[in-house]
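# Residue-level structure breakdown
The chain contents come next:
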Amino acid sequence: AAHPYNPVPILQRIFFKRGKWNLNDVSHDKLAGLQIINGEIDTGFINGINNWIKLLLSGMNKYIYAGNDSHGNFNIYRQIKIPMLKLFEKNNQILGKYRTGVFPNNKKDIESVVDALKNGNCFVTNGPLLNFTCDASNINYKMGNKIANHRGKINIHIISTPEFGLINKIIVYKGEIGANKEQECFTLTKPNKYEIIKYYNVETTKDCYFRCEVSIHCVKEKIFALSNPIWFYPVI
C-alpha cells in the first residue's frame, strides 16, 4: 500500500474523487504491508505507525516499508498548487533518503529480493542498519517469521556511521495479540557506539510479536530504524 495514511489534498478529493485507505483495504489478504514512510516525517508517517500497530495487535501479519515519491520529485518535492499559475516546492521526499533494507537469501537474484519483501524480512531506515532475528529450537528466525515456540533468544545488530551519528536508544516492543497496546520489554539508552550487538531472552505463554526501534543521536533531524516483527505462537 503506497503511503496509505498521507492526507489527500482537498482539490484531489473534489475533482479526482481520490479517496482514503480504510481498514478493509489494508486488511486485504493479498496486501503484504504498508509503505508508512513516504520521504518525510509527517502525519502520514505518524498515522501509519499507529495504524500498523493496531493491525498487529488485532492479529494481522502486516509489514512496513519505506520509500520516496520519486516519480516527478527526485531531489525536490514539486507539485502544482494552482494549474497554470502556481507551483509548490519543498526539500522533502529526497530520492534515497528513506529506504527499505532487505535481507534476501540470494542478493544477486531479484526474485529472492521480492520474496524477502513479501515475507517481511526487511526494515525501514533513514540512516542505520538494523538486523533483528531470533534463535529458537536451533533455528535462526528472521524478521517476518512465525515461531511455534514459547521462548527464544532475540538478536539485535545495529550499525551506524559518523554521517548519521551515535546510537542513542534501542527499544524492543512486545505486542500480545488482542491487547490494547504494546509493552516495552527491553530498553538500552545511550550506548554511544556506532555498532552494537545485543541479545535478549524472551518467553511467552500467549500469541505475540516482538519488534525493534532504534534512534540515533542527531540534533538536526530524526534518524531512526524500525524492524518488522517476529511472531511467537507458543505450543504449551
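Cut-offs used in this document
Residues numbered from 1 in each chain as written. Predicted model: local features only at pLDDT ≥ 70, side-chain atom pairs only at ≥ 80, totals over all residues. Heavy atoms only, no water. Helix = DSSP H or I, 4+ residues; strand = E, 2+ residues; numbered from the N terminus. Rg over C-alpha atoms; globule rule 2.2 N^0.38 Å. Contact = heavy atoms within 4.5 Å. Areas by Shrake-Rupley, 256 points an atom, 1.4 Å probe, with all protein chains shown as cover. Buried < 20%, exposed > 50% of the residue type's maximum accessible area, 1.4 Å probe, protein only. Phe/Tyr/Trp six-rings, centres within 6.5 Å; stacked < 30°, edge-to-face > 60°. Expected span 1.5 Å × (residues − 1). Polar contact = N/O pair within 3.5 Å; in protein donor to acceptor, adjacent residues only side chain to side chain. Disulfide = S-S within 2.5 Å. Core = buried A, V, L, I, M, F, W, Y, C linked by side-chain atoms within 4.5 Å.

Another aspect to go through is the overall build of the chain. Helices and strands together make up the secondary structure of the chain, namely four helices and 16 strands. Whereas a compact globule of 236 residues would reach a radius of gyration of roughly 18 Å, the chain reaches 19 Å, a difference of no more than 12%. Dimensions of the chain, computed from C-alpha atoms along their principal axes, come out at roughly 65 × 45 × 40 Å. Taking the intrachain contacts of the chain between residues at least 6 apart in sequence as the baseline, contacts between residues at least 24 apart amount to 67%. For the chain, the accessible surface area stands at approximately 13,300 Å², while carbon and sulfur atoms represent 53% of it.

This part takes up the side chain of Asn6. Structurally, the position occupied by Asn6 is in the segment before α1 (10-15). What makes Asn6 buried here is its relative accessible area of 18%. Discounting chain neighbours no more than four positions away, the residues touching Asn6 are Asn38, Asp42 and Gly44.

Considering all chains together, one arrives at six aromatic pairs under this definition. Ring centres of Phe45 and Phe224 lie 5.6 Å apart, and the angle between their planes is 40°; on these two criteria the pair is classed as tilted. Here Phe224 lies in strand β15 (residues 223-227) and Phe45 lies in helix α3 (residues 43-57), a separation of 179 residues in the sequence. Of the two residues, Phe45 and Phe224, neither departs from the other in class, the shared state being buried. Their ring planes at 45° and their centres at 5.2 Å tell us that Phe186 and Tyr200 sit as a pair that is tilted. In this pair, Phe186 is assigned in strand β12 (residues 183-189) and Tyr200 in strand β13 (residues 195-203), connecting sequence segments 14 residues apart. One aromatic cluster in this structure is built from Phe45, Tyr98 and Phe224.

Among the structural elements, Lys174 can be located in strand β11 (residues 167-176). The spatial distance from the C-alpha of Lys174 to the C-alpha of Ile49 is 15 Å, given a sequence separation of 125 residues. Once residues within four sequence positions are removed from consideration, Lys174 is found in contact with Glu182, Gln183, Cys185, Glu203, Thr204, Cys208, Tyr209 and Phe210.

As for its placement among the helices and strands, Gly152 is situated in strand β10 (residues 151-159). According to the relative accessible area criterion, Gly152 is buried, its value standing at 12%. With residues up to four places along the chain from it excluded, the contact list for Gly152 reads Cys134, Asp135, Ala136, Tyr200, Asn201, Val202 and Phe232.

With that out of the way, let us pick up α3. Every α-helix winds through 3.6 residues per turn, so residues three or four apart in the chain are directed the same way. With 15 residues, α3 should reach 21 Å at 1.5 Å per residue; the first-to-last C-alpha distance of 21 Å fits that figure. Among all positions of α3, only Gly44, Phe45, Gly48, Ile49, Trp52, Ile53, Leu55, Leu56 and Leu57 are buried. Where α3 starts, the residue carrying a side-chain oxygen 3.2 Å from the main-chain nitrogen of Gly44 turns out to be Asp42. Positive backbone phi, approximately 105°, marks Gly59, located one or two places after α3.

We now examine the state of the cysteines. In this structure the tally under the stated criterion is zero disulfides. Free cysteine Cys208: the closest other cysteine sulfur is in Cys185, separated by 8.7 Å. In this structure Cys208 comes out as buried when scored by relative accessible area, which is 0%.

In this structure, Phe132 and Ile156 are the most contacted members of the largest nonpolar core, which totals 27 residues. At the level of secondary structure, the elements contributing two or more residues to this core comprise β7 (129-136), β10, β11, β13, β14 (208-216), β15 and β16 (230-232). Sequence-distant contacts of Ile156, that is, excluding residues within four places in its chain, are made with Leu130, Asn131, Phe132, Ile170, Val172, Phe186, Ile196, Ile197, Lys198 and Cys212. With 24 residues, the next largest nonpolar core counts Val26, Leu31, Leu34 and Leu56 among its residues.

Honestly, it's all geometry; don't read function into it.
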